[in-house]
Amino acid sequence: MINMFIAVGSFGIIIPILPAYLLSIGQGGTAAGLIIAIFAGAQLIMSPIAGKWADQYGRRIMIIAGLSGLAVSMFVFYFSDTIGILYLSRVIGGIGAALLIPAIFAYVADITTMDQRAKGNSLISASMSLGIVVGPGIGGFLADFGLKMPLLVSAIIGVAAVVFSAIWLKESKEKDSFAAAAAEDPMIKKLAQSVNKPYFIPLVITLVMSFGLMAYESVIGLFIDNKFGATPQEIAVMVTSTGIISVIVQLFVVDRIVRRYGEGAVLNMFLAVTAIGFLFSFLAGSYALFFAVTLIIFLASSILRPVLNTLVSKLAGNEQGFAMGMNNAYMSIGNVLGPTLAGLLYDVHMYYPFLLGLIVLLLTMLVSMAWQKRQKAAAWK
């Protein structure tokens, strides 16, 4: 839990200073999008390999290696004054995250019984959410002591986590149970296979939702900086508030509304809410109004994520592993494409990323409604 909190928080700590930092090195929306997309892309490519290594070489060494990668990426970022080196730091960070996160979840599986498993994973997820909330807030505070101070503090905390894990973290997997990696189909083949699965449309919606949300997140700091003159502290308050909203909604709201209305109705409802949020982004004339719109968008996305996961799981039957792996892959593809296109469009016009998100979400809502209609028709036959 501590390591996951540090990993997520150390990335979030830099969010409030990104607009000012990119401006200081003469960069704009394209760079802002690529910073997120490159990290997500490196994580996507490395994750399948890292999962095998966690089985082959043990959880502890992968956790330490992942934390080391994240710490190194922050040091490279801190000493960087060119965009190429900054991108390199994001590749290193993405590889670090890919090594760390699967190993942490595997570690939890090793040290819990089946009855404890859900609680253990929930605690790890809670530590991720807490990192999302706390990281940007600390980053906004540290920015008062220098634009690069959050980067340095993040790197130092990462080193502390490596030392902490090297000393106190014990291997959870017995050495004689380390396995040779089994041959698996390449990712391209798995993606092709997923097209014929009954949960293909929810996977596509997952991709689109991640695309839209990450497109929004990647330019939001630049937008409120350019449009409203927002400070790093104001950016931190916005990001932290959206994290708090996400935690509250996922803990207390999602289960209740799904039980009452069902996954399909909730999916359509909050795809519409998200699209309306993107529309209102054009109309917000002040930081306060844009803040309110952002909270609405993140509230809706906090409901959509678990609903989509549940839909995929229910339709997967006895192939849960493949289905959830594909769910993560489709989400990662959206995490790469969204920031990349949003950054490029932002440099053409600051409102174009929001227009792209609005169009994509409206089309997705129509696809979702048509798919559910076909599902109901098939059920009647």
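Residues numbered from 1 in each chain as written. Predicted model: local features only at pLDDT ≥ 70, side-chain atom pairs only at ≥ 80, totals over all residues. Heavy atoms only, no water.

To keep it simple, the criterion reads: UniProt positions are given in the numbering used here, feature names are shortened, and annotations may be inferred rather than shown by experiment.
Naming follows an unreviewed UniProt entry, where the protein appears as Multidrug-efflux transporter of Bacillus badius. Database annotation for the protein, UniProt heading Sequence similarities (unreviewed entry): "Belongs to the major facilitator superfamily. TCR/Tet family."

1. Examining the overall build of the protein
Where we set the bar: Here a strand is any run of E in DSSP of at least two residues, a helix any run of H or I of at least four, and the numbering for each starts at the N terminus. When we talk radius of gyration, it's over C-alpha atoms, and the globule rule is simply 2.2 Å times the number of residues to the 0.38. Between buried and exposed lies partly exposed: a residue is buried under 20% and exposed over 50% of the maximum accessible area for its type, with that area taken using a 1.4 Å probe on protein chains only. Whether two residues touch is decided by their heavy atoms; if any such pair falls within 4.5 Å, the residues are in contact. Positive charges come from Lys and Arg alone, negative charges from Asp and Glu alone, with His and the N- and C-terminal ends not counted. Working definition for charges: the position is that of NZ of Lys, CZ of Arg, CG of Asp or CD of Glu.
Helix and strand counts for the protein come out as 15 helices and zero strands. In summary, the protein has a C-alpha radius of gyration of 21 Å against a globular reference of 21 Å for 381 residues, a match within 12%. Over its C-alpha atoms, taken along the principal directions, the protein stretches across nearly 65 × 60 × 35 Å. Residues counted as buried form 47% of the 381 residues belonging to the protein. Taking all contacts inside the protein whose residues are at least 6 apart in sequence as the whole, residues at least 24 apart take part in 85%. Once the 23 positive and 17 negative side-chain charges of the protein are each reduced to a mean point, those two points are 8 Å apart.

2. Quick look at a nonpolar patch on the surface
Selection criterion: Excluding any residue in a salt bridge, patches collect residues exceeding 30% relative accessible area, merging like charges within 9 Å and nonpolar Val, Leu, Ile, Met, Phe, Trp and Tyr side chains within 5 Å. Note that accessible areas follow from Shrake-Rupley with a 1.4 Å probe, and for residues the cover is restricted to the protein chains shown. What counts as a salt bridge is simple: a side-chain nitrogen of Lys or Arg found within 4 Å of a carboxyl oxygen of Asp or Glu.
A grouping of V348, Y352, L355, I359, L363, L366 and M369 is seen on the molecular surface, where their side chains present a nonpolar patch of about 670 Å² in accessible area. If one sorts the elements of the nonpolar patch by residue count, helix α15 (residues 352–380) sits on top with six residues. Considering the arrangement of structural elements, one finds Y352 in helix α15.

3. Notes on the packing of helix α1 (residues 2–12) against helix α7 (residues 149–168)
Let me state the cut-off plainly: Geometry is summarised by axes, namely lines fitted to C-alpha atoms with helices restricted to the contacting stretch, and by angles between N-to-C directions that run from 0 to 180 degrees. Under this scheme an angle from 65 to 115 degrees is roughly perpendicular, one under 35 degrees roughly parallel, and one over 145 degrees roughly antiparallel; angles in between are oblique. Should the near helix be turned anticlockwise from the far one by less than a right angle, the crossing is termed left-handed; should it be turned clockwise, right-handed. Residues are grouped as follows: Ala, Val, Leu, Ile, Met, Phe, Trp, Tyr, Cys and Pro are nonpolar; Asp, Glu, Lys and Arg are charged; every other residue, Gly included, is polar.
Two elements in contact, α1 and α7, have axes whose closest approach is 10 Å; the angle formed by their N-to-C orientations is 165°. One element, α1, and the other, α7, form an angle in the roughly antiparallel class. Considering the relative orientation of α1 and α7, their crossing is left-handed. Every residue of α7 that contacts α1 at I2, N3, I6 and S10 is listed here: S154, I157, A161, F164 and S165. Here the contact of α1 with α7 is built from residues that sort into five nonpolar, four polar and no charged.

4. Focus: the nonpolar core
This is how the line gets drawn: Nonpolar core, defined: a set of buried Ala, Val, Leu, Ile, Met, Phe, Trp, Tyr and Cys residues in which side-chain atoms within 4.5 Å join the residues together.
The biggest cluster of nonpolar side chains holds 63 residues, and the ones touching the most others in it are F77, Y216, I224, L267, F290, I303 and F354. Ranked by residues supplied to this core, first place goes to helix α13 (residues 287–316) with 12 residues. Leaving out residues up to four positions away in the same chain, F77 has contacts with I14, L18, Y21, L86, S89, R90, K148 and L151.

5. Thoughts on the packing of aromatic side chains
Keep this limit in mind: In this scheme Phe, Tyr and Trp rings, the latter by its six-membered ring, pair at centre separations within 6.5 Å, and the angle between planes marks the pair as stacked below 30 degrees, edge-to-face above 60, and tilted otherwise. We count a charge as sitting over a ring when the NZ of a lysine or the CZ of an arginine lies within 6 Å of the ring centre and within 35 degrees of the ring normal.
Under the defined criterion, the tally for this structure stands at 18 aromatic pairs. For the pair F223 and F228, a centre-to-centre distance of 6.1 Å together with 80° between the ring planes defines the contact as edge-to-face. The class of F223 is buried, set by a relative accessible area of 0%. Here F223 and Y351 contribute two aromatic rings whose centre-to-centre distance is 5.4 Å and whose plane-to-plane angle is 70°, an arrangement assigned as edge-to-face. With a gap of 128 residues between them, F223 in helix α9 (residues 200–228) and Y351 in the loop between α14 (320–348) and α15 connect regions that are remote in the sequence. Accessibility classification places F223 together with Y351 in one group, the buried group. Three or more aromatic residues link up through ring pairs in this structure, and these residues are Y216, F223, F228, F278, F282, F290, F298, Y351 and F354. One residue, K148, lies across the ring of Y78, its end atom 5.8 Å from the ring centre.

6. Re the packing of α9 against α15
For the pair α9 and α15, interaxial distance at closest approach is 10 Å and the crossing angle is 160°. By the angle between their directions, the pair α9 and α15 is classed as roughly antiparallel. The interaxial crossing formed by α9 with α15 has left-handed handedness. Two secondary-structure elements touch here, α9 through I201, P202, I205, V208, F211, Y216, V219 and F223 and α15 through P353, F354, L356, V360, T364, V367, S368 and W371. Along the lines of polarity and charge, the residues of the contact of α9 with α15 split into 14 nonpolar, two polar and no charged.

7. Some remarks on the environment of G28
Within the secondary structure, G28 sits in the loop between α2 (18–24) and α3 (29–57). Given the relative accessible area of 23%, G28 is considered partly exposed. With 191 residues separating them in the primary sequence, G28 and V219 have C-alpha atoms 9.2 Å apart. Ignoring sequence-local partners within four residues, the contact set of G28 consists of L22, L222 and D347.

8. Digging into the pattern of salt bridges
Tallied over the full model, the rule gives four salt bridges. Linking D110 and R59 is a salt bridge whose minimum nitrogen-to-oxygen distance equals 2.7 Å. Residue D110 is located in helix α5 (residues 83–111), and its partner R59 is located in helix α4 (residues 59–78); the two are separated by 51 residues in the primary sequence. Where R259 meets D255, a salt bridge forms, and the shortest distance between an N and an O atom there is 2.8 Å. Of this pair, R259 and D255 both sit in helix α11 (residues 254–261), four residues apart, roughly one helical turn. In this structure R259 comes out as exposed when scored by relative accessible area, which is 67%.

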